[in-house]
Amino acid sequence: MRDLLVKIALRLGLYQKAVACINRFKFEIQARRMHKNGLSMLAAADKVLSDMGIRPFLTYGGLLGAYRDHGFISYDPDIDLGILVAEIPDNLHTKMEEAGFRLFRQSYIKATNTVLEETYLYKKLHLDIFYYFTEGNDFYSVIPRKHETKEWKEANCTDGFPTDRSYVPASEFERREFMGLNIYMPVKTDEWLRAIYSDSYMTPVKNWNAKDYKTRIIHTTQRCYRRLIDQGETPLNPSSAAIGNINK
(Lines give C-alpha, C1' and ligand atoms only; values in the text may rest on other atoms or scores of the structure.)
Protein backbone atom coordinates (compact mmCIF):
# COMPACT_ATOMS: atom_id res chain seq x y z
CA MET A 1 0.00 0.00 0.00
CA ARG A 2 2.79 2.41 0.87
CA ASP A 3 4.52 1.91 -2.49
CA LEU A 4 1.25 2.41 -4.36
CA LEU A 5 0.54 5.68 -2.54
CA VAL A 6 4.07 6.89 -3.28
CA LYS A 7 3.66 6.13 -7.00
CA ILE A 8 0.38 8.03 -7.10
CA ALA A 9 1.88 11.00 -5.25
CA LEU A 10 4.87 11.07 -7.59
CA ARG A 11 2.62 10.92 -10.65
CA LEU A 12 0.51 13.80 -9.33
CA GLY A 13 3.54 15.84 -8.33
CA LEU A 14 2.52 15.75 -4.66
CA TYR A 15 5.26 13.56 -3.23
CA GLN A 16 7.66 16.27 -2.09
CA LYS A 17 4.85 18.30 -0.51
CA ALA A 18 3.57 15.24 1.34
CA VAL A 19 7.06 14.37 2.60
CA ALA A 20 7.59 17.98 3.73
CA CYS A 21 4.34 17.92 5.74
CA ILE A 22 5.16 14.58 7.36
CA ASN A 23 8.70 15.67 8.19
CA ARG A 24 7.47 18.95 9.65
CA PHE A 25 5.20 17.03 12.02
CA LYS A 26 7.99 14.62 12.98
CA PHE A 27 10.49 17.43 13.52
CA GLU A 28 8.13 19.30 15.84
CA ILE A 29 7.76 16.22 18.02
CA GLN A 30 11.52 15.56 17.97
CA ALA A 31 12.29 19.20 18.76
CA ARG A 32 10.10 19.09 21.87
CA ARG A 33 11.82 15.91 23.05
CA MET A 34 15.23 17.37 22.29
CA HIS A 35 14.66 20.52 24.31
CA LYS A 36 13.47 18.45 27.24
CA ASN A 37 16.22 15.81 27.32
CA GLY A 38 18.81 16.84 24.72
CA LEU A 39 21.32 18.06 27.27
CA SER A 40 21.48 14.66 28.96
CA MET A 41 22.04 13.00 25.56
CA LEU A 42 24.83 15.45 24.72
CA ALA A 43 26.50 14.81 28.09
CA ALA A 44 26.29 11.03 27.57
CA ALA A 45 27.65 11.25 24.01
CA ASP A 46 30.49 13.51 25.05
CA LYS A 47 31.51 11.14 27.84
CA VAL A 48 31.51 7.91 25.84
CA LEU A 49 33.28 9.46 22.85
CA SER A 50 35.84 11.33 24.96
CA ASP A 51 36.59 8.16 26.91
CA MET A 52 37.58 6.61 23.56
CA GLY A 53 40.07 9.41 22.87
CA ILE A 54 37.75 11.23 20.43
CA ARG A 55 37.11 14.97 20.44
CA PRO A 56 33.39 15.16 19.53
CA PHE A 57 32.65 18.74 18.50
CA LEU A 58 29.43 20.61 17.88
CA THR A 59 28.74 21.32 14.23
CA TYR A 60 25.92 22.54 11.98
CA GLY A 61 22.78 23.38 14.01
CA GLY A 62 24.35 22.38 17.30
CA LEU A 63 27.26 24.77 16.81
CA LEU A 64 25.02 27.55 15.50
CA GLY A 65 22.74 27.30 18.52
CA ALA A 66 25.63 27.26 20.97
CA TYR A 67 27.31 30.32 19.42
CA ARG A 68 24.31 32.44 18.45
CA ASP A 69 21.53 31.39 20.81
CA HIS A 70 23.63 30.11 23.75
CA GLY A 71 21.48 26.97 23.73
CA PHE A 72 19.57 24.68 21.42
CA ILE A 73 17.84 26.25 18.43
CA SER A 74 14.12 26.21 19.24
CA TYR A 75 13.11 24.18 16.18
CA ASP A 76 16.16 21.89 15.94
CA PRO A 77 15.06 18.21 16.10
CA ASP A 78 18.47 16.67 16.81
CA ILE A 79 22.05 17.27 17.93
CA ASP A 80 24.84 17.44 15.35
CA LEU A 81 28.32 16.32 16.36
CA GLY A 82 31.43 16.06 14.22
CA ILE A 83 34.34 13.64 14.46
CA LEU A 84 37.61 13.75 12.53
CA VAL A 85 38.02 10.48 10.63
CA ALA A 86 41.55 10.06 11.98
CA GLU A 87 40.09 9.71 15.50
CA ILE A 88 37.53 6.97 14.77
CA PRO A 89 38.34 3.82 16.79
CA ASP A 90 37.45 0.29 15.70
CA ASN A 91 35.17 -0.23 18.70
CA LEU A 92 33.04 2.89 18.21
CA HIS A 93 29.74 1.06 17.69
CA THR A 94 30.29 -1.28 20.60
CA LYS A 95 31.06 1.51 23.06
CA MET A 96 28.16 3.65 21.83
CA GLU A 97 25.75 0.76 22.27
CA GLU A 98 27.04 0.09 25.79
CA ALA A 99 26.31 3.74 26.61
CA GLY A 100 22.71 3.45 25.42
CA PHE A 101 23.08 4.74 21.85
CA ARG A 102 21.43 2.54 19.21
CA LEU A 103 22.77 2.88 15.68
CA PHE A 104 19.82 3.69 13.45
CA ARG A 105 21.14 4.65 10.02
CA GLN A 106 24.35 5.19 8.04
CA SER A 107 25.06 7.22 4.91
CA TYR A 108 27.96 5.82 2.92
CA ILE A 109 29.79 5.68 -0.41
CA LYS A 110 29.12 2.22 -1.82
CA ALA A 111 32.29 1.93 -3.95
CA THR A 112 34.58 2.28 -0.93
CA ASN A 113 32.20 1.53 1.97
CA THR A 114 33.20 4.90 3.40
CA VAL A 115 30.79 6.00 6.11
CA LEU A 116 29.87 9.69 5.87
CA GLU A 117 27.28 10.13 8.58
CA GLU A 118 25.61 8.08 11.28
CA THR A 119 22.36 8.58 13.19
CA TYR A 120 21.96 7.16 16.68
CA LEU A 121 18.85 6.92 18.85
CA TYR A 122 19.10 7.65 22.55
CA LYS A 123 15.87 7.53 24.57
CA LYS A 124 13.88 8.54 21.44
CA LEU A 125 16.31 11.40 20.72
CA HIS A 126 18.36 11.68 17.54
CA LEU A 127 22.12 12.17 17.47
CA ASP A 128 23.73 12.81 14.07
CA ILE A 129 27.47 12.25 13.78
CA PHE A 130 29.20 13.73 10.73
CA TYR A 131 32.65 12.44 9.79
CA TYR A 132 35.11 15.13 8.73
CA PHE A 133 37.85 14.56 6.16
CA THR A 134 40.91 16.73 5.51
CA GLU A 135 41.79 18.41 2.23
CA GLY A 136 44.61 20.95 2.18
CA ASN A 137 43.83 23.65 4.73
CA ASP A 138 40.20 22.58 5.08
CA PHE A 139 37.99 20.00 6.70
CA TYR A 140 34.90 18.80 4.88
CA SER A 141 31.89 16.57 5.45
CA VAL A 142 29.79 14.96 2.73
CA ILE A 143 26.07 15.73 2.83
CA PRO A 144 23.40 13.73 0.96
CA ARG A 145 20.73 15.62 -0.98
CA LYS A 146 17.29 14.53 -2.08
CA HIS A 147 17.16 12.45 -5.24
CA GLU A 148 16.40 14.46 -8.35
CA THR A 149 13.15 12.60 -9.15
CA LYS A 150 12.79 9.41 -7.09
CA GLU A 151 11.45 8.82 -3.60
CA TRP A 152 14.09 7.75 -1.13
CA LYS A 153 13.47 3.97 -1.07
CA GLU A 154 13.66 3.67 -4.85
CA ALA A 155 16.70 5.93 -4.94
CA ASN A 156 18.45 3.85 -2.31
CA CYS A 157 17.85 0.67 -4.35
CA THR A 158 18.99 2.19 -7.65
CA ASP A 159 21.36 5.10 -8.26
CA GLY A 160 21.58 6.56 -4.76
CA PHE A 161 21.52 10.18 -3.66
CA PRO A 162 23.49 13.19 -4.93
CA THR A 163 25.96 14.68 -2.49
CA ASP A 164 27.54 17.98 -1.53
CA ARG A 165 30.81 18.68 0.20
CA SER A 166 30.61 21.22 2.99
CA TYR A 167 34.02 22.83 3.55
CA VAL A 168 35.20 24.61 6.68
CA PRO A 169 38.68 25.88 7.58
CA ALA A 170 40.83 23.35 9.42
CA SER A 171 40.75 24.18 13.10
CA GLU A 172 41.82 23.06 16.53
CA PHE A 173 39.11 22.34 19.08
CA GLU A 174 38.60 23.57 22.62
CA ARG A 175 36.10 22.89 25.33
CA ARG A 176 33.67 25.73 25.98
CA GLU A 177 30.77 26.15 28.37
CA PHE A 178 27.41 25.16 26.89
CA MET A 179 24.34 25.07 29.12
CA GLY A 180 26.39 23.87 32.08
CA LEU A 181 28.52 21.40 30.09
CA ASN A 182 32.02 21.82 28.69
CA ILE A 183 31.76 20.72 25.06
CA TYR A 184 34.29 20.73 22.22
CA MET A 185 33.83 23.43 19.59
CA PRO A 186 36.13 24.57 16.77
CA VAL A 187 38.41 27.44 17.72
CA LYS A 188 37.46 29.03 14.39
CA THR A 189 33.74 28.94 15.17
CA ASP A 190 32.91 32.21 13.41
CA GLU A 191 34.71 31.09 10.24
CA TRP A 192 32.92 27.72 10.33
CA LEU A 193 29.49 29.28 10.65
CA ARG A 194 30.19 31.76 7.85
CA ALA A 195 31.32 28.87 5.63
CA ILE A 196 28.20 26.82 6.40
CA TYR A 197 25.46 29.43 6.74
CA SER A 198 26.85 32.59 5.07
CA ASP A 199 27.87 35.88 6.66
CA SER A 200 24.30 36.48 7.86
CA TYR A 201 24.26 33.45 10.16
CA MET A 202 23.47 35.58 13.22
CA THR A 203 20.00 36.26 11.77
CA PRO A 204 17.69 33.28 12.48
CA VAL A 205 16.08 31.70 9.39
CA LYS A 206 13.74 28.85 10.33
CA ASN A 207 13.53 27.28 6.85
CA TRP A 208 17.18 27.80 5.97
CA ASN A 209 18.35 25.92 2.88
CA ALA A 210 21.97 25.68 1.76
CA LYS A 211 21.07 26.25 -1.89
CA ASP A 212 19.82 29.76 -1.01
CA TYR A 213 23.22 30.96 0.15
CA LYS A 214 26.72 31.33 -1.25
CA THR A 215 28.40 29.05 1.23
CA ARG A 216 31.43 26.82 0.87
CA ILE A 217 29.35 23.93 -0.41
CA ILE A 218 30.10 22.27 -3.73
CA HIS A 219 28.18 19.62 -5.65
CA THR A 220 30.02 16.39 -6.37
CA THR A 221 29.50 13.55 -8.82
CA GLN A 222 29.46 10.99 -6.00
CA ARG A 223 26.30 9.16 -5.00
CA CYS A 224 25.70 7.92 -1.50
CA TYR A 225 23.38 5.31 -0.05
CA ARG A 226 21.70 4.52 3.26
CA ARG A 227 22.15 1.46 5.43
CA LEU A 228 19.08 0.98 7.60
CA ILE A 229 20.39 -0.68 10.72
CA ASP A 230 16.97 -0.58 12.37
CA GLN A 231 15.71 -2.81 9.54
CA GLY A 232 18.35 -5.48 10.05
CA GLU A 233 21.14 -4.32 7.73
CA THR A 234 24.67 -4.97 8.93
CA PRO A 235 26.46 -1.72 9.85
CA LEU A 236 29.72 -0.74 8.23
CA ASN A 237 32.70 0.00 10.46
CA PRO A 238 33.29 3.75 9.99
CA SER A 239 37.01 3.37 10.76
CA SER A 240 37.69 0.67 8.14
CA ALA A 241 37.55 2.83 5.02
CA ALA A 242 37.42 6.33 6.44
CA ILE A 243 41.08 7.16 6.05
CA GLY A 244 42.13 8.16 2.58
CA ASN A 245 40.93 10.26 -0.31
CA ILE A 246 37.35 10.50 -1.50
CA ASN A 247 37.30 11.23 -5.21
CA LYS A 248 35.17 14.16 -6.28
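Residues numbered from 1 in each chain as written. Predicted model: local features only at pLDDT ≥ 70, side-chain atom pairs only at ≥ 80, totals over all residues. Heavy atoms only, no water.

## Re the side chain of Glu-118
If you trace the backbone, Glu-118 turns up in strand S4 (residues 114-122). For the buried residue Glu-118, which engages in no salt bridge, the nearest side chain bearing the opposite charge is Arg-227, 8.9 Å off. Of the polar contacts made by the side chain of Glu-118, one reaches the side chain of Tyr-120; its length is 3.1 Å. A polar atom in the side chain of Glu-118 sits 2.7 Å from the side chain of Tyr-131. If we skip the residues at most four places from it in the chain, Glu-118 touches Leu-92, His-93, Leu-103, Arg-105, Gln-106, Leu-127, Asp-128, Ile-129, Tyr-131, Leu-236 and Pro-238. (Helix = DSSP H or I, 4+ residues; strand = E, 2+ residues; numbered from the N terminus. Buried < 20%, exposed > 50% of the residue type's maximum accessible area, 1.4 Å probe, protein only. Lys, Arg positive; Asp, Glu negative; His and termini not counted. Salt bridge = Lys/Arg side-chain N within 4 Å of Asp/Glu carboxyl O. Polar contact = N/O pair within 3.5 Å; in protein donor to acceptor, adjacent residues only side chain to side chain. Contact = heavy atoms within 4.5 Å.)

## Remarks on the pattern of salt bridges
Inspection of every chain in the model, using the stated rule, returns 15 salt bridges. Measuring nitrogen to oxygen at the nearest pair gives 3.0 Å for the salt bridge that ties Asp-69 to Arg-68. Judged by relative accessible area, Asp-69 falls into the partly exposed class, the value being 33%. A salt bridge links Asp-159 to Arg-223; the shortest N-O distance between them is 3.4 Å. Here the residue Asp-159 occupies a position in the loop between helix H5 (152-157) and strand S7 (161-169), and Arg-223 occupies one in strand S10 (residues 217-228), the gap between them amounting to 64 residues. Overall, the relative accessible area of 29% leaves Asp-159 in the partly exposed class. Classification of Arg-223 by relative accessible area gives partly exposed; the value is 24%. Three or more residues joined by partner-sharing salt bridges are found here, namely Glu-148, Lys-150, Asp-159 and Arg-223.

## Here's the deal with helix H6 (residues 189-197)
Within an α-helix, residues lying three or four positions from one another point in the same direction, as the helix has 3.6 residues per turn. Those residues of H6 not exposed but buried are Thr-189, Trp-192, Leu-193, Ala-195, Ile-196 and Tyr-197. Burial along H6 is one-sided: seen end-on, the buried residues are contained in an arc of 165 degrees. (Arc of directions from axis to C-beta.)

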